[in-house]
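# Structural overview for review
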Amino acid sequence: MADKECIFCKIANGEIPSATIYENSDFRVILDVAPANRGHALIIPKEHFKDIFDIDAVTAGKLFSLATEVARAMKSVLHCDGMNIVQNNGIIAGQTVFHFHLHLIPRYEGDHVDLHWAQGETVPTELQELAKEIRKKI
Ligand code: AMP
Ligand code: ZN
């Protein structure tokens with residue numbers, strides 16, 4: 001169901017124009033208006049899902065499958081050296097548009113995109129215990 005107030009519902013369904021690079025019945029792929037790098041693209045489902053906790057697995061699967069095709073097409077046009085796939089969920093994680101979307105961020109040698117974090121430390125027994133807790137819920 002489209003959300004009347006949601007900008008990505010309007011973009012995905014064509015009510016607001018965008019630089020569209022691909023569209024099918026489930027998704028629209030657009031160029032980001034404020035790109036991290038040249039060619040930064042977004043895959044947006046036409047249906048309104050807030051985030052990873054809301055989207056269904058079938059749609060998410062189709063979306064990632066499409067991402068492989070879009071990524072290859074982008075690489076062939078942009079001649080990027082690499083690509084980051086980013087997907088933010090929640091304000092704390094940097095989400096600003098609360099309609100699920102996948103970022104495809106082309107990377108170029110010498111660019112200034114920064115997606116790094118400091119590597120933490122672990123205790124092996126605690127890691128195993130935590131893995132067990134989460135495993136039980138899947
Ligand atoms: P996020 O911070 O993960 O929610 O990403 C939202 C992204 O949407 C940002 O990279 C914005 O630049 C982009 N964005 C917001 N409005 C538009 C728009 N009208 N057309 C294209 N991209 C947009
Ligand atoms: Zn929406």
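Above this text you will find the structure in question.
In this report, we go over the structure that sits alongside the text. From a predicted model like this one, the values you see are computed outputs, not experimental measurements. (Residues numbered from 1 in each chain as written. Chains lettered and ligands numbered in written order. Predicted model: local features only at pLDDT ≥ 70, side-chain atom pairs only at ≥ 80, totals over all residues. Heavy atoms only, no water.)

Tracing the chain through its elements places Asp111 in the loop between strand S5 (102-107) and helix H3 (124-135). Side-chain polar atoms of Asp111 contact the side chain of Arg107, separated by 2.9 Å. Ignoring anything within four residues of it in the chain, the contact list for Asp111 reads Asn37 and Pro106. (Helix = DSSP H or I, 4+ residues; strand = E, 2+ residues; numbered from the N terminus. Polar contact = N/O pair within 3.5 Å; in protein donor to acceptor, adjacent residues only side chain to side chain. Contact = heavy atoms within 4.5 Å.)

Where a metal carries four tetrahedral donors, each ideal angle is 109.5 degrees; where it carries six octahedral donors, the ideal angles are 90 or 180 degrees. Each protein donor to the zinc ion (ligand 2) is listed here as Cys6 (SG), Cys9 (SG), His48 (ND1) and His99 (ND1); together their distances run 2.0 to 2.3 Å. The sequence motif formed by the donor residues of the zinc ion (ligand 2) is C-x2-C-x38-H-x50-H. Of the two residues, Cys6 is situated in the segment before helix H1 (7-12) and His48 in the loop between strand S3 (41-45) and helix H2 (57-78); the sequence distance between them amounts to 42 residues. The pair formed by Cys6 and His48 is uniform in burial state, with each residue classed as buried. (Donors = N, O, S within 2.8 Å, 3.2 Å for Na, K, Ca; no water. Buried < 20%, exposed > 50% of the residue type's maximum accessible area, 1.4 Å probe, protein only.)

Attention shifts here to unusual backbone geometry. In most cases, non-glycine residues show a negative phi, while peptide bonds are predominantly trans. Located in the positive-phi region is His79, a residue other than glycine, with phi close to 55°. With respect to the helices, strands and loops of the structure, His79 is situated in the loop between H2 and strand S4 (82-86). Judged by its relative accessible area of 60%, His79 falls in the exposed class.

What follows covers the sheet that holds S4. One open sheet holds the 5 strands; their spatial order is S1-S2-S3-S5-S4, and the pairing between them is antiparallel. Each end of this open sheet is capped by a strand with a single partner; those strands are strand S1 (20-23) and S4. Along the sheet, successive strands turn relative to each other by an average axial angle of 15°, direction set aside. As paired strands, S4 and S5 are joined by 5 bridges and run antiparallel to one another. Within S5, the residue paired with Val86 across the bridge is His103. Most of the contacts of H2 go to S5, to which it runs at about 20°, and overall it touches S1, strand S2 (27-31), S3, S4 and S5. (Pairing = 2+ DSSP bridges. Axes fitted to C-alpha atoms, helices over the stretch in contact; angles between N-to-C directions.)

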